[in-house]
Amino acid sequence: MSELHNIVLKILEKGKGILAADESTGTMTKRLNDVNVPSTPENRLLFREILFSSSSMIDCIGGVILYDETIKQQTSKKIKIPELISSMKSAPGIKVDTGAKVLAGSPEEKITEGLDGLRERLKEYYKLGAKFTKWRGVYTITKNFPSKLSIQSNAHALARYSALVQECRMVPIVEPEVLMDGDHSAKECYEKTSEVIKKCFEELILHKVDLKGIILKPNMILAGNKSKNIITNEEVAKLTLKCLKDSVPSEVPGIAFLSGGQSEIEATENLNLINKYNNTDFKMSYSFGRALQQSALKFWSKNIKDIEGTQKVFNHRARMNTLAAQGKWSKDLEV
Ligand code: 13P
């Protein structure tokens, strides 16, 4: 079995998922400002160190995605962050794109940048202990979007990124995120997501990426957050499974969903149903940012010295999601 395939299986073993703690400094500042905590490097580190040293890391979190600032930081006890994560039997990962910028030719859409100099940055991250990486392409649904241009160019970038990452012996997380923002129906989300994912795999194959050594990080199939046609969680799960079964090659070992603005419980409930009905060979787990951190951040912001209390909140969410990744979650466990 290849080294990369092994890394994927280890990250996603026994219902484990991924903690996406790779908010850029700008995004993290927004999150901290929302809860009235000053966004200093010390505070950003403090919150993350609390999460990374929580007991649920060992049983629930197979990998943590870091941002450039964090992967180079040390804990209060002078332990390097990637070492802390490895000591919790989890794999350190790193976001390597440099953000979504205006797409020339279709300025209402975005293209993710970061390919220039990527090989050199990857070598540095590998030396710092990274086992996997992340790159996010982002697509908006409107009447005319996502355009062919955005679908094609983001897929091309994701494939070039993935090939470079595998060359550097790390697992690429391939994240094409079709946003939930808008009044589109779940049917439109289904159609656009299928088109986006199919194009990504076309490019990944063209760039000779080993599909056994990647993790796909897609959105679930949801109605837009301004849509009047709300669908049930059961429908979300069934449409999501149908879409992925139809658009993802069977060699791909693992799929880890983003939460994309769903509430914590909603994301957990949908993941649970996806696993209950999973009629594919894909491991279906989570790579949540907000849906793993929201309650913990809110709790912590009230008393940033309460490490134990914050960890309790985080542990609960991580455990609920790991149960959901095995189809074993139920609502009564939430109280
Ligand atoms: P959310 O789960 O908050 O969508 O974040 C996941 C992520 O990594 C987005 O790139």
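Per-chain numbering applies: the sequence of each chain, read as written, is numbered from 1 onward. Note on the predicted model: pLDDT of at least 70 is required for a residue's local features to be given, and 80 or more for side-chain atom pairs to be given and counted; whole-chain, interface and lining totals, by contrast, use all residues. Only heavy atoms go into the side-chain values, all of them from the structure, while hydrogens and water stay out.

**Quick notes on the nonpolar core**
- Definition of nonpolar core: a set of buried residues of the types Ala, Val, Leu, Ile, Met, Phe, Trp, Tyr and Cys, connected through side-chain atoms within 4.5 Å. Partly exposed residues are those whose accessible area sits between 20% and 50% of the maximum for their type, while under 20% is buried and over 50% is exposed, using a 1.4 Å probe and protein chains only. By size, the foremost hydrophobic cluster in this structure holds 86 residues, and its most contacted members are F52 and I61.
- In terms of residues, this core owes the most to one element, helix α8 (residues 148-167), which gives 8 residues.
- Excluding its chain neighbours within four sequence positions, the residues that come into contact with F52 are L19, A21, M57, V64, L66, T70, I81, L84, I85 and M88.
- Of all hydrophobic cores here, the second largest spans 14 residues; its members include I7, I18, I173 and I215. Under the DSSP-based scheme used, a helix requires at least four consecutive residues in state H or I and a strand at least two consecutive residues in state E, with every element numbered from the N terminus. Any pair of residues with heavy atoms lying within 4.5 Å of one another is described as a contacting pair.

**Here we look at helix α7 (residues 118-127)**
- Looking only at α7, the buried set comprises L118, L122 and Y125. Along the long axis of α7, the arc covered by the buried residues comes to 65°, so they all point the same way. Facing away from the buried side of α7 by over 90 degrees, the exposed positions are E120 and K127.
- If you follow the buried residues of α7, they end up packed against α5 (68-71), β3 (91-95), β6 (132-139) and α8.
- At the exit of α7 stands G129, carrying a positive phi of roughly 110°. It is the directions from the helix axis to the C-beta atoms that the arc portrays.

**Some details on the pairing of strand β10 (residues 283-288)**
- Burial analysis of β10 places 5 of its 6 residues in the buried class, which makes it a mostly covered element.
- Pairing of strand β1 (residues 17-20) with β10 involves 2 bridges; the strand directions are parallel. Considered in β10, the bridge of L19 is made with F288.
- Summarising the sheet, strand β9 (residues 254-257) and β10 pair through 4 bridges and their orientation is parallel. Considered in β10, the bridge of A256 is made with S285.
- Taken together, β9, helix α11 (residues 264-276) and β10 form a β-α-β motif whose crossover is right-handed. Whether two strands pair comes down to DSSP finding at least two bridges between them. Here the term right-handed applies to a crossover when the path leading from its first strand over the helix to its second strand runs clockwise, the strands being oriented away from the viewer.

**Brief notes about helix α1 (residues 3-11)**
- Buried within α1 are the following residues: L4, H5, I7, V8 and I11. Viewed along the axis of α1, the buried residues span an arc of 160°, placing them on a single side of the element.

**Section: the pattern of salt bridges**
- Salt bridge, as used here, is a side-chain nitrogen of Lys or Arg placed within 4 Å of a carboxyl oxygen of Asp or Glu. Under the criterion given, the structure shown has 19 salt bridges.
- E124 serves as the salt-bridge partner of K72, at 3.5 Å between the closest nitrogen and oxygen. In this pair, K72 sits in the loop between α5 and α6 (81-87) while E124 sits in helix α7, placing the two residues 52 residues apart along the sequence.
- You can call K72 partly exposed: its relative accessible area is 43%.
- Looking at E124, the relative accessible area reads 36%, which means it is partly exposed.

**A look at the site of the ligand**
- We call a residue near a molecule or strand as soon as one heavy atom of that residue lies within 4 Å of the molecule or strand. With respect to spatial proximity, 13 residues lie near the ligand, and among them K134, K217, S259, G260 and R290 are the closest.
- Under the rule applied, a polar contact is a pair of N or O atoms within 3.5 Å (in protein, one hydrogen donor and one hydrogen acceptor; residues adjacent in sequence only if both atoms are side-chain atoms). At 2.6 Å from an oxygen atom of the ligand is found a side-chain nitrogen or oxygen belonging to K217.
- A distance of 2.7 Å is found between an oxygen atom of the ligand and a side-chain nitrogen or oxygen belonging to R290.
- To be clear on the numbers: accessible area is Shrake-Rupley with a 1.4 Å probe, and residue cover counts the displayed protein chains and nothing else. In isolation the ligand has 300 Å² of accessible area, and contact with the protein removes 91% of it.
- Elements with a minimum of two residues in the shell around the ligand: β6 and β10.
- Classes in brief: Ala, Val, Leu, Ile, Met, Phe, Trp, Tyr, Cys and Pro nonpolar; Asp, Glu, Lys and Arg charged; the others, Gly included, polar. For the shell around the ligand, the class distribution of residues is 3 nonpolar, 4 polar and 6 charged.

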